[in-house]
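# An overview of the molecular structure
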Amino acid sequence: MSKTALPRNTTRQAEAMLYGEAARKLHRVSGAVIILFVLVHVIVQAVRHAPIFATANAAAPWLQALQEQNWVHAILFFCIAFHTFYGLKLLAGELGFRLHYKTAFWAVVIVSALIGLREVLRYAGI
Amino acid sequence: MSRTEVFPEHTDVLIAGSGAAGMRAAIAAHDAGAKVVLLAKGPRRANHTRMSGGRYNAVSGLNPGDTTDAFYQDTLDSGAGINNYRLARILADEAMDRAYDLESYGLAWDRTDIRKYYMSMTGGGTFVRTLGSVDEGIGITEVMLHQLHKRGIRICDFHMLADVVQDDDGRVVGGLALDLSKGAWRYFSAGAVVIATGGTSQLYETSSGPAINTGDGIAIALRAGAELVDIEFMQFIPISFVYPPSARGYTLTEPAHYGMRHFDPKAEAAHLVNNKGERFVLKHDPVRREGSTRDVLARAIMLEILEGRGTPEGGVLMLPDSKVFESFLKERPIYVKRLLENYGEGQARLEAPIQVMPSALYTLGGVRIDPSCRCNVPGLIVGGEAAGGVHGANRLGGSSMPDIQVFGRRAGIAAAEDAKEYAGAGAAQLEKAHARAAQLEACIGRSDGVRPPDVKKRIQKLMWDHVGLVRNGEKLTETLAAFRNLREHVLPTVKVTSKSRVLNREWMEALELENLLDIGEAMAASSLQRPETRGAHYRTDFPETDPNWTANLIVRRHAGALNVEKKAVVMLDQASPQRENVGAIA
Amino acid sequence: MPSDIKLRAKIRRYDPSVDAEPHYETYEVAGKDNWRVLDVIRSVYEHQAGDLAYQFACRAGRCGTCAVKVNGVPVLACQERCKPEMRIEPLTPFPVLRDLVVDRTEVEARYEKHALTPQRATEYAGGPEAIEPKLAEELCHMDSCLACMVCVSGCPAVAERAFDGPAFMLKLRHMAKHPVDTGNRLEQAIDAGMLECFGCDLCTQLCPADLSPAQAIREFRREMIFGGSAKHE
């Protein structure tokens, strides 16, 4: 068959994953996670290190353990990676780089997932 | 019983039809100083022009061999000599100027160089002259719509022209429209009414046109006393999609476009084969073969299918030449997409056989007009597919686009002129509008009866079987009797399910039924009166062309009965026959 | 040959003039596996619900008037393949006239506002305009937009912000690129909320004419940030 690209077959639109919707939702959620993390991180670090909060610190010994959960790290790193890379993808598009929405979405998701996975592996000693 | 409410309005020019003919008429009438209202039966983009491949025959000067004389002669040859010669001449002469108008509206015709248009061939023409644009009929309708927006022309969506109203002298003084979005009647008194409602493709079981083309305007004109010409001639596009059901009948244009004949009038068009692999067209036209005119091809294919040599799905096979794929993709990407989605990748790349069947496409006949688009009924102007005589017994591919621009403009000019002259009491005819509206509401009240879609299907089947590609006297007579029966016994029992007046499709279809029957009857009656085969009209009982029948059949309603009369073809040197008839009313 | 298939269509019924609120009715339809959603709707009208209000005309994907939402996704009913389970609703965010038919008055008002005819500096002189063949092709591609409003319906920015919609941006870009148009199409786009676009490309994915309004918006944005003109691209 000839190699020239054909127009798309758009007769199954309602059966396909809506990439833009998934990307947008993930971008919002990851953004919220980042903001939440910063807030929580500041508060927790203050509780753990500021003398004024010593009593609170003593009452919450689980704060240290919380910071060492691999899944917390994995989710956080995934969110930071996804939010950053997807944001860069949007910027790149505006600067003139033609990126297909499907390829770009999966590339960003997979790279971010790998970064998240790396945290799990790191905690597992791998 | 409360009186049917009818909201009166006034305008100079009322145009029914949102296709290119109606829109071009609106532009011309507005630019001539008239106040214009345009009625679109559905959303304004729902029209036949929209669906067209947008191929545009015109003599641009880019092909040194071609002249307007050649285009004119091709038109007459294709029309088997029964065209209105004056209209054909005008088409050839004015097509290019109208193409430039579209350019000025923002349509970027395909080019080979910055100021050189790209041209291709269509079946039946002798010179390469056909212009086109990648956006096809979509582009044409879009640029024109924006021209209407620019002029502030009022477009009424969902307004079906139900009838015209005439004064006691028979002059058309207004149009009664049903606002389907509200179920409300509007009467527009007007100085002139333009019918640009397109053709009657929906009369047939398998058709290429949009669902709304039920011949409304032609039927309305007929009822108002207008003469119809060549109404027995219905063009069937030889190749169209066979499946899926929603796409069935949608035009695939011509075999000429799928072979090297696309570029070179001497080269091969795509071959057509039956289920035995035979090139059956050679029996019918050994000279032009699959590059023949639409009438010859459509008939050839239909006969193969009827005689049992078609595919199981009811079509034949077209074998495209993959060498034209790159060009085809570049020129008609929308068609490639449809081939891909309906058939498959092989077909889209023109590498696999494409299943095709004929389909009702274009109403060659219609209201009889003179070069100004006036008909024998004063105040009524007709342009586009609704008018007859330009193309005679068969239309060249690519000639409808220039027709609607050329005659749409002329219709608008004539309408503005007539509106200026007319200072009549249009509003006084409101009573007649009320009476007609009340008549057309009868079906809403009925609780028992037959549903419009069921009656429509019966009419469509009768037309496809007996008043279509293959006709004979016996079946035509039977069909006329069946139509008489439908009119007398079935139509009065039509009911609608919905109690809502809003977007009541069954009510719209009930109104359409009368139009379909009126035209169907006219088509069957004049087909019966023409004892020969010519162009799109094929009779198995008279398979030869009879030179004594190089004439037109004029159909007219008189005192409720159809009058079919043979008249000489309008030649170039004749004074317009319409001038004699203006003022003469049924 | 296509095979038989059982289809269930849940169609949103609503007559604003009489109903307090919309409700869904479920229809069982015996169809074929190559049917489109429009074939299903027509079957329901012809055999089960003669009072169903729906819109179509060309049934070949060219007029764009049959757009509806199927299982929450805006599509052309005549193009979208049927599915065993379908929820069919009118196209959001347009006002519903009845059942599946929406009011496009606002759509036309937006088109009119944008004045999408070539705004010439000098009168049209007749004959072909000077347009590079490749540009002519590109212009025509952009003008094969059906105005179906599928992209506007699917656009998250239209739902949340003051944004006319992707389709209008595409048309503005079409005029911006036309060599004889002198209108300030960038300014018009910005006024119409172009900056609200999320760049999500849902419009690109959903467009039944294979166009990318999002790309048109990106080009406008580059022009806005870096200057230059649509004409030189």
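Just so it is clear, the model here is predicted, and its values are computed rather than measured.

### Things to note about the overall build of chain C
Along the backbone of chain C there are nine helices and seven strands. Counting only C-alpha atoms, chain C reaches 60 × 45 × 30 Å along its principal axes. Each of the 233 residues in chain C was classed as buried or not, and the buried ones make up 54%. Taking contacts inside chain C between residues at least 6 apart in sequence as the whole, the part at least 24 apart equals 62%.

### Examining the sheet that holds strand 5 (residues 85-89) of chain C
All names here are of chain C. If you walk across this open sheet you meet the five strands as 2-1-5-3-4, and the pairing is mixed. At either margin of the open sheet sits one strand with a lone partner, and together these are strand 2 (23-32) and strand 4 (73-76). Between one strand axis and the next, the sheet turns by 35° as a mean value, whatever way the strands run. In the sheet, strand 3 (residues 67-70) pairs with strand 5 via two bridges, with the strands oriented antiparallel. Paired with Lys69 across the two strands is Glu89, which belongs to strand 5. Across the sheet, helix 1 (residues 37-47) is in contact with strand 1 (4-13), strand 2, strand 3 and strand 5; its angle to strand 2 comes to roughly 110°.

### A closer look at the interface of chain C and chain B
The interface of chain C with chain B comprises 55 residues on the first partner and 53 residues on the second. Those elements that place two or more of their residues in the side of chain C that touches chain B are helix 1, strand 6 (96-98), helix 2 (105-113) and helix 3 (133-142) of chain C.

### Some remarks on helix 17 (residues 505-529) of chain B
Given a rise of 1.5 Å per residue, 25 residues ought to cover 36 Å, and the 36 Å separating the end C-alpha atoms of helix 17 of chain B matches this to within 8%. Most of helix 17 of chain B sits out of view: 24 of its 25 residues are buried.

### Considerations on the domain arrangement of chain C
Residue and element names in this part refer to chain C. Here chain C is partitioned into domain 1 (4-102) and domain 2 (105-232). Averaged C-alpha coordinates put domain 1 and domain 2 at centres separated by 30 Å. At the interface, 11 residues of domain 1 touch 11 residues of domain 2. Looking at the side of domain 1 that touches domain 2 element by element, the count peaks at three residues for strand 4. Here the residues of the side of domain 1 that touches domain 2 are counted per class, giving six nonpolar, four polar and one charged.

### A short note on the sheet that holds strand 14 (residues 316-319) of chain B
All names here are of chain B. Strand order in this open sheet of four strands is 12-15-14-13, and the pairing throughout is antiparallel. Bordering the open sheet on either side are strand 12 (234-240) and strand 13 (271-273), each of which pairs with just one other strand. Neighbour-to-neighbour, the strand axes of the sheet open up by a mean angle of 40°, direction not taken into account. Here three bridges tie strand 14 to strand 15 (residues 354-363), and the two strands are oriented antiparallel to one another. If you follow Met318 over to strand 15, its bridge partner there is Ile354. Its contacts with the sheet put helix 8 (residues 294-306) on strand 12, strand 13, strand 14 and strand 15, and the angle it makes with strand 12 is roughly 65°.

### Details of the domain arrangement of chain B
In many analyses, interface size is given as the accessible surface area lost on bringing the parts together. Structurally, chain B comprises domain 1 (244-357) and domain 2 (431-550). With six residues of domain 1 of chain B in contact, the opposing surface of domain 2 of chain B contributes five residues.

### A word on the interface of chain A and chain B
Contacts between the two partners involve seven residues from chain A, matched on the other side by 12 residues from chain B. Its residues assigned to classes, the side of chain A that touches chain B shows three nonpolar, four polar and no charged.

### Side note on the confidence of the model for chain C
For chain C, the mean per-residue pLDDT works out to 96, and 99% of the residues sit at or above 70. Scored by ipTM, the complex comes to 0.96, with pTM at 0.94.

### Regarding helix 1 (residues 19-49) of chain A
For helix 1 of chain A, built from 31 residues, the straight-helix expectation of 45 Å at 1.5 Å per residue is met to within 8% by its first-to-last C-alpha distance of 43 Å. Of the surrounding elements, those touching the buried residues of helix 1 of chain A are helix 4 (70-95) and helix 5 (101-123) of chain A together with helix 8 (202-206) of chain C.

### Notes on unusual backbone geometry
Here Tyr243 of chain B and Pro244 of chain B are connected by a cis peptide whose omega angle stands at -5°. Looking at the secondary structure, you find Pro244 of chain B in the loop between strand 12 and strand 13. The omega torsion of the bond from Thr92 of chain C to Pro93 of chain C falls at -5°, within 30 degrees of zero and hence cis. Looking at the secondary structure, you find Pro93 of chain C in the loop between strand 5 and strand 6. A positive phi angle, near 50°, is found at Arg289 of chain B, a position not held by glycine.

### Here we look at the confidence of the model for chain B
Averaged over every residue, the pLDDT of chain B is 93; the share at 70 or more is 96%. Taken as a whole, residues 575-586 of chain B scores under 50 in pLDDT and shows 19 contacts with residues more than four places along the chain or in a different chain.

### Thoughts on the nonpolar core
Of all hydrophobic cores here, the largest spans 281 residues; its most connected members are Val13, Val194, Ala221, Leu380, Val382 and Ala415 of chain B. In terms of residues, this core owes the most to one element, helix 17 of chain B, which gives 13 residues.

### Some details on the pairing of strand 12 of chain B
Residue and element names in this part refer to chain B. The buried count for strand 12 comes to seven of seven residues, which makes it a mostly enclosed element. As defined by bridge partners, strand 12 adjoins strand 15 across five bridges and the pair is classed as antiparallel. Directly across from Gln235, in strand 15, lies its bridge partner Tyr362.

### Comments concerning the pairing of strand 10 (residues 184-195) of chain B
Residue and element names in this part refer to chain B. Buried residues dominate strand 10, accounting for 11 of its 12 residues. In this structure, strand 1 (residues 6-16) lies alongside strand 10, joined through 10 bridges in parallel fashion. Along strand 10, the bridge assignment pairs Leu14 with Val193. Pairing between strand 9 (residues 172-179) and strand 10: six bridges, direction antiparallel. In the strand pairing of strand 10, Asp179 is matched with Ala184. Connecting strand 9 to the next strand, strand 10, in antiparallel fashion are four residues, including Gly183 with a positive phi near 75°.

Analysis parameters
- Residues numbered from 1 in each chain as written.
- Chains lettered and ligands numbered in written order.
- Predicted model: local features only at pLDDT ≥ 70, side-chain atom pairs only at ≥ 80, totals over all residues.
- Helix = DSSP H or I, 4+ residues; strand = E, 2+ residues; numbered from the N terminus.
- Buried ≥ 20, exposed ≤ 12 C-beta atoms within 10 Å, placed from the backbone.
- Contact = placed C-beta atoms within 7 Å.
- Pairing = 2+ DSSP bridges.
- Axes fitted to C-alpha atoms, helices over the stretch in contact; angles between N-to-C directions.
- Expected span 1.5 Å × (residues − 1).
- Domains from an automatic or database assignment.
- Nonpolar A, V, L, I, M, F, W, Y, C, P; charged D, E, K, R; others polar.
- pLDDT = per-residue confidence, 0-100.
- Core = buried A, V, L, I, M, F, W, Y, C linked by C-beta atoms within 7 Å.

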